[in-house]
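Chains, contacts and geometry: an overview
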Amino acid sequence: MPRIEFARSVKSSEIIITTAYLTFNTKNRYELVKITPILEEIVAKSGVAEGICFVSPMHITSSIFVNDDESGLHEDFLNWLEKLAPYNPKGYKHNLTGEDNADAHLKRTIMGRETIIAITNGRLDLGPWEEVFYGEFDGQRPKRVIVKVIGAGT
Amino acid sequence: MPRIEFARSVKSSEIIITTAYLTFNTKNRYELVKITPILEEIVAKSGVAEGICFVSPMHITSSIFVNDDESGLHEDFLNWLEKLAPYNPKGYKHNLTGEDNADAHLKRTIMGRETIIAITNGRLDLGPWEEVFYGEFDGQRPKRVIVKVIGAGT
Amino acid sequence: MPRIEFARSVKSSEIIITTAYLTFNTKNRYELVKITPILEEIVAKSGVAEGICFVSPMHITSSIFVNDDESGLHEDFLNWLEKLAPYNPKGYKHNLTGEDNADAHLKRTIMGRETIIAITNGRLDLGPWEEVFYGEFDGQRPKRVIVKVIGAGT
């Protein structure tokens, strides 16, 4: 069984909720973009010291996920997704609507839609190798992401 | 790098937490049911203007996910899940317990368990094509879903 | 369409945010550890009666997920993950960095990173068979998990 460490408990008479939107327009159809520093900036501006940072694409062919900032692994991710959910303009019912991006809906499903990051002491409380990424699977056009920071100030 | 738009920050001396339960009983074993309007109704009743709406099945063979309301894509999803995690009454250890639904546990894992939707200005803050679905992978019996709305009023 | 039950709505002038960290060091490289009782204990100590419990690994080769506490199904999960994302020390670009755990990054992606559990009446509001697990895919060393409990007291 794990060791448990009760770190802190904060009570506040004020709840803070900050909203921001990001707009991406990637150069490539498939692209993974690190966004941790942007989220740190939004959290700092929010004044939230303890809480959560919710991040989600507002499009159904992209993903917010947490993983390693290592280019080899990113290639592995894209190759693996292509194997599990190949680009195949004629291979999906969805593509009969005139789209060619059914694979992007499936790829983003494997990667997950949204992510929450804990906020402790005014910072994203991430582990040593955790970085937050925007995963684009049907890019080369403007796509939005919503960020909601919720919690208590200092 | 993306364009950042800081939209709004709200402070409130009152936190609101509303709980609702949904009960589904689908006609088919596998079924995808759009629930966005029901969630809009719950959020409206909660009085939360800024916050989050958490939605999760209370069963381990179903999913809440966000994607497109397009019937061809829904067929693609079900075909794809059947390929990645086939129904196979004799093919899983779990089915030695007398169950035949091991595939449903795996299918729901790919689709994800839960979803959070941001609330802005009293509405679900979804992108243009985002719709919320209940994904049933072992239906034809009553199954529950929990909804928690958390945030601040106007 | 589902039946809707509006269960309760709570308003409070105090937000509570409690933080705890768990440290796992599993005996095996791949292991699934039930953590529901630990989370119940943390929620009880937090004093939160209505809210959410956010749980996330702080490492990128493990997962927090909800599913059945049935050993056959756990074997099915590990066999299935091995098929979808095999251990293959020479088969991934990431492993050129000297690592051999690229598969663990992919396995955890399928299982999902984080989980939120609703809190109602001071307890985790889980369905009858829902149990929370720590999924380890590159263990045999200390790995941390963060727990944030957010909500209102009684």
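So, here is what we can say about the structure in this document. Please read these numbers as outputs of a predicted model, since none were measured by experiment.

This brings us to the interface of chain B and chain C. How big an interface is tends to be stated in terms of the accessible area lost upon association of its parts. Facing the 44 residues of chain B at the interface are 45 residues of chain C. The contact between chain B and chain C buries some 3700 Å² in all, and 61% of this surface belongs to carbon and sulfur atoms. At the junction of chain B with chain C, the criterion picks out four salt bridges. Among the ionic pairs, Lys93(B) bridges to Glu75(C), the shortest N-O distance being 2.7 Å. Run the count over chain B and chain C and you get 21 residue pairs in polar contact (both at pLDDT 80 or more).

Next up on the list: the environment of Thr61(B). Residue and element names in this part refer to chain B. Relative to the assigned elements, Thr 61 resides in the loop between strand 4 (50-57) and strand 5 (62-67). Here Thr 61 falls in the buried class, since its relative accessible area comes to 3%. The spacing of Thr 61 and Lys 143 is 82 residues in sequence and 9.5 Å in space, taken between C-alpha atoms. Contact partners of Thr 61, with chain neighbours within four places excluded, come to Asn 101, Ala 104, His 105, Arg 108, Gly 135, Glu 136, Phe 137, Asp 138, Arg 141 and Lys 143.

Counted according to the given criterion, the structure contains 42 salt bridges over all chains. A salt bridge links Glu50(B) to Arg8(B), with the shortest nitrogen-to-oxygen separation between them at 2.8 Å. A residue pair is termed long-range when its members are at least 10 positions apart, and Glu50(B) in strand 4 and Arg8(B) in strand 1 (residues 3-12) qualify at 42 residues. Overall, the relative accessible area of 3% leaves Glu50(B) in the buried class. Residue Arg144(B) is joined to Glu5(C) by a salt bridge in which the shortest nitrogen-to-oxygen separation is 3.6 Å. Of this pair, Arg144(B) sits in strand 9 (residues 143-152) while Glu5(C) sits in strand 1 (residues 3-12), which puts the two residues in different chains. A residue is classified by how much of its surface remains accessible, and Arg144(B), at 32% relative accessible area, is partly exposed. The class of Glu5(C) is partly exposed, set by a relative accessible area of 34%. A cluster of three or more residues bridged by salt bridges with shared partners is formed by Arg29(A), Asp100(A), Asp138(A) and Arg141(A).

Once that is clear, we can look at the relation of the copies chain B and chain C. Once chain B is rotated about the relating axis by 120° and shifted along it by 0.0 Å, it coincides with chain C to within an RMSD of 0.0 Å. Those values place the two copies in the arrangement expected of a three-fold rotation axis. An asymmetric contact is evident, with only 18% of the interface residues of chain B recurring at the interface of chain C.

This paragraph deals with the interface of chain C and chain A. Listed as interface residues are 44 residues of chain C and, on the opposing side, 45 residues of chain A. Summed over both sides, the interface of chain C with chain A buries roughly 3800 Å², with 61% coming from carbon and sulfur. Broken down residue by residue, the surface that chain C buries against chain A is led by Ile15(C), Ile17(C) and Ile60(C), which jointly contribute 15%. If you look at where chain C meets chain A, you find four salt bridges. For the pair chain C and chain A, the interface holds 21 residue pairs in polar contact (both at pLDDT 80 or more). Only strand 2 (15-24), strand 3 (31-34), helix 1 (36-46), strand 4 (50-57), helix 3 (102-111) and strand 9 (143-152) of chain C provide two or more residues apiece to the side of chain C that touches chain A. If one sorts the elements of the side of chain C that touches chain A by residue count, strand 2 of chain C sits on top with ten residues. Two strands pair when backbone bridges link them, and strand 1 (residues 3-12) of chain A and strand 2 of chain C are joined in this way by nine bridges, in the antiparallel orientation. What sits directly across from Ser12(A), in strand 2 of chain C, is Ile15(C).

The rules behind these values
- Residues numbered from 1 in each chain as written.
- Chains lettered and ligands numbered in written order.
- Predicted model: local features only at pLDDT ≥ 70, side-chain atom pairs only at ≥ 80, totals over all residues.
- Heavy atoms only, no water.
- Contact = heavy atoms within 4.5 Å.
- Buried area = accessible area lost by both parts, 1.4 Å probe.
- Salt bridge = Lys/Arg side-chain N within 4 Å of Asp/Glu carboxyl O.
- Polar contact = N/O pair within 3.5 Å; in protein donor to acceptor, adjacent residues only side chain to side chain.
- Helix = DSSP H or I, 4+ residues; strand = E, 2+ residues; numbered from the N terminus.
- Buried < 20%, exposed > 50% of the residue type's maximum accessible area, 1.4 Å probe, protein only.
- Least-squares fit on C-alpha atoms with pLDDT ≥ 70 in both.
- Pairing = 2+ DSSP bridges.

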